[in-house]
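Below, each chain spelled out in residue letters.
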Amino acid sequence: MTTSQYVDENGQDDDGYTKDGTVNLKGNPILRSNTGGWKACSFIVVYEVFERMAYYGISSNLVIYLTEKLHQGTVKSSNNVTNWVGTIWMTPILGAYFADAYLGRYWTFLIACGIYLLGMSLLTLAVSINGLKPPHCSNPSSIDCKKASTLQLAVFFGALYTLAVGTGGTKPNISTIGADQFDEFHPREKSQKLSFFNWWMFSIFLGTLFANTVLVYIQDNVGWSLGYGLPTLGLAISIMIFLAGSSFYRHKKPRGSPFTRMAKVIIASLRKWKIKVPNDPKELYELDLGEYTKNGKVRIDSTSTLRFLNKACVKVDTTNPWMLCSVTQVEETKQMLRMIPILMATFIPSTMLAQINTLFVKQGTTLQRNIGSFSIPPASLSGFVTISMLVSVVLYDRFFMKIVKRLTKNPRGVNILQRMGIGMAFHIVIMLVASFVERYRLSVARDHGLVENGKQVPLTILILLPQFILMGTADAFLEVAKIEFFYDQAPEGMKSLGTSYSMTSLGVGSFLSSFLLSTVSRITKEHGNHKGWILNNLNVSHLDYYYAFFAILNLLNFFFFLFVSKFYEYKAEVSDSLSVLRQELEIESRHRVTNSQEGSTNTQVNGST
């Protein structure tokens with residue numbers, strides 16, 4: 001049975017066209033055999049390898065550029081990095097809005113790519129032209145170093161934030177375009193989508209690995225012009241790769257502003273707050289099924305969760321859309337609102353991710369980095385996050401999931417929230433390990449009289465490896481599951497907005513990191529019994545206390561996650577494909593049992609013979 005020929009749930013031969021409302025660029029129905037699937041996703045996945053190389057080629061080592069070239073202090077440079085990263089992950093809300101409401105994902109993505117490439121090009125010029133960067137300083141931590149001028153800062157940060165606007169249109173749409181290549185109503189394609197997000201993250205971290213190793217080394221040892229020029233070239237290549245696959249892509253039409261549709265439901269409910277909701281859902285207002293099927297949309301049955309919003313679809317003597325909404329529109333709004341507590345539970349783990357390219361890297365600058373004649377760039381340790389992530393994703397997809405799904409009969413092995421919970425538990429361990437490692441580093445600094453002078457501690461930089469490796473393992477569970485959860489649980493017409501939820505989590509986490517770093521630094525300087533927890537001289541600082549504080553935050557957040565996930569209700573599947581997958585798993589399991597019994601019987605017969 002080929003992908004384009006199968007029997008649908010009604011026992012009828014499929015006509016070969018996709019059933020999820022996807023079309024070609026001209027808006028016409030599209031054949032499954034000629035488009036989509038892994039054939040289309042191959043271009044998208046390769047694009048992501050090059051694009052991630054470009055982004056992390058900038059972000060991984062940014063804190064080093066700010067401290068050594070722009071001569072900024074530990075707290076200021078770290079906050080500048082996390083504020084920029086926070087903006088990077090918050091702008092996808094706007095990109096998702098324009099994609100879902102007006103332009104569609106494909107065109108929103110291409111326009112954003114142009115802005116993204118412009119920002120990267122300006123950034124390369126900012127680190128290459130002598131007039132756009134401060135003069136060299138032999139001791140960047142010295143107060144005598146000349147600070148960057150207003151013009152130099154304006155050009156550099158203007159380029160960074162132009163880049164951020166561009167990524168706002170690419171991030172929420174490229175992964176959604178990839179997921180759109182698999183038809184929700186086709187069991188085989190549905191099963192393929194279950195692995196898509198694993199391999200999507202694999203491609204991300206493959207590009208990240210190159211950035212954290214090769215590009216970081218070039219920036220530290222060859223020059224920033226080449227170190228930023230190569231990521232810019234990589235981005236240009238990635239855009240060309242994406243365009244090369246255009247004829248294979250499936251597209252979903254924009255369905256209007258999701259924010260407006262949600263606002264209508266909330267306002268209609270408030271305006272009719274005195275109206276009683278009938279017990280029979282059939283009495284609620286809903287469009288005919290044909291209105292949905294002819295437009296490739298999905299009708300959703302009424303649920304009892306967030307029952308107050310059901311008032312929006314109680315029939316009244318008006319068809320004003322701000323007074324009367326369909327059941328499906330109400331349920332779409334509920335789906336987006338139900339995910340918000342889960343979203344909030346991801347903020348603290350996202351704050352931990354912000355430490356990788358800030359304080360973790362700054363720790364590395366205080367340790368011995370030489371292996372023979374080779375000097376390890378501190379930011380390259382982020383590569384071990386990537387390696388750990390790559391290995392963990394492959395092991396999860398190829399072994400862990402296959403073993404566990406035989407036990408649970410769940411096509412995913414464990415459900416999405418369980419996978420997220422495992423990742424959150426890892427974050428508690430990570431910050432405890434980071435705290436103990438830093439405590440040991442400080443004790444060695446004291447033993448060698450290196451506290452006040454802030455000189456390099458006689459310990460290898462490789463002592464930081466455990467916290468980087470564990471972070472990659474945590475990402476394999478939490479970050480992959482987070483993207484899949486917010487895409488999967490978002491209603492069909494709001495997929496880009498749903499995907500932006502996972503990016504909003506990273507944005508809020510980055511801003512929260514800036515807030516916590518500034519607040520803790522200020523409070524411990526003013527009210528502590530020492531100079532402060534976070535200073536320019538890390539040998540005087542107490543990052544061990546700071547990391548222990550993060551471990552406690554993660555523990556409290558883990559309990560919060562367990563609480564909200566207990567009450568979360570998954571949305572109903574839009575097709576029977578998962579049921580089909582479960583049946584296949586049950587049949588496979590019965591076959592194994594039968595074969596095992598037959599083997600046992602044959603052994604007994606042979607033995608008695």
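Described below are features of the structure shown in this document.

Conventions we followed
Residues numbered from 1 in each chain as written. Predicted model: local features only at pLDDT ≥ 70, side-chain atom pairs only at ≥ 80, totals over all residues. Heavy atoms only, no water. Helix = DSSP H or I, 4+ residues; strand = E, 2+ residues; numbered from the N terminus. Expected span 1.5 Å × (residues − 1). Buried < 20%, exposed > 50% of the residue type's maximum accessible area, 1.4 Å probe, protein only. Salt bridge = Lys/Arg side-chain N within 4 Å of Asp/Glu carboxyl O. Axes fitted to C-alpha atoms, helices over the stretch in contact; angles between N-to-C directions. Parallel < 35°, antiparallel > 145°, perpendicular 65-115°, else oblique. Contact = heavy atoms within 4.5 Å. Nonpolar A, V, L, I, M, F, W, Y, C, P; charged D, E, K, R; others polar.

### Some thoughts on helix α17 (residues 465-489)
For α17, with 25 residues, the first-to-last C-alpha span of 35 Å sits near the 36 Å given by 1.5 Å per residue. Where burial is concerned, most of α17 is hidden: 22 out of the 25 residues are buried.

### Observations concerning the environment of Phe563
In this fold, Phe563 is placed in helix α19 (residues 543-566). We classify Phe563 as exposed; its relative accessible area is 52%. When the C-alpha positions of Phe563 and Ile342 are compared, they lie 9.8 Å apart, and in sequence the two are 221 residues distant.

### Comments concerning the pattern of salt bridges
Throughout the structure, instances matching the rule amount to 11 salt bridges. Residue Glu189 pairs with Arg250 through a salt bridge whose shortest N-O separation is 2.9 Å. Here Glu189 is found in helix α7 (residues 187-221), whereas its partner Arg250 is found in the loop between α8 (224-244) and α9 (258-271), with 61 residues between them in sequence. Overall, the relative accessible area of 2% leaves Glu189 in the buried class. A residue is classified by how much of its surface remains accessible, and Arg250, at 2% relative accessible area, is buried. One network of salt bridges, in which partners are shared, links Arg32, Asp183, Glu189 and Arg250.

### So, the packing of helix α4 (residues 92-103) against helix α18 (residues 495-527)
Viewed as axis vectors pointing N to C, α4 and α18 meet at an angle of 175°, and their least axial separation amounts to 8 Å. When the axis of α4 is compared with that of α18, the two are roughly antiparallel. Listed contacts from α18 to Pro92, Ile93, Ala96, Ala99 and Asp100 of α4 are Lys495, Ser496, Leu497, Ser500, Met503 and Thr504. Looking at the contact of α4 with α18 residue by residue, the class counts come to six nonpolar, three polar and two charged.

Read these as layout, nothing more, since geometry by itself doesn't imply function.
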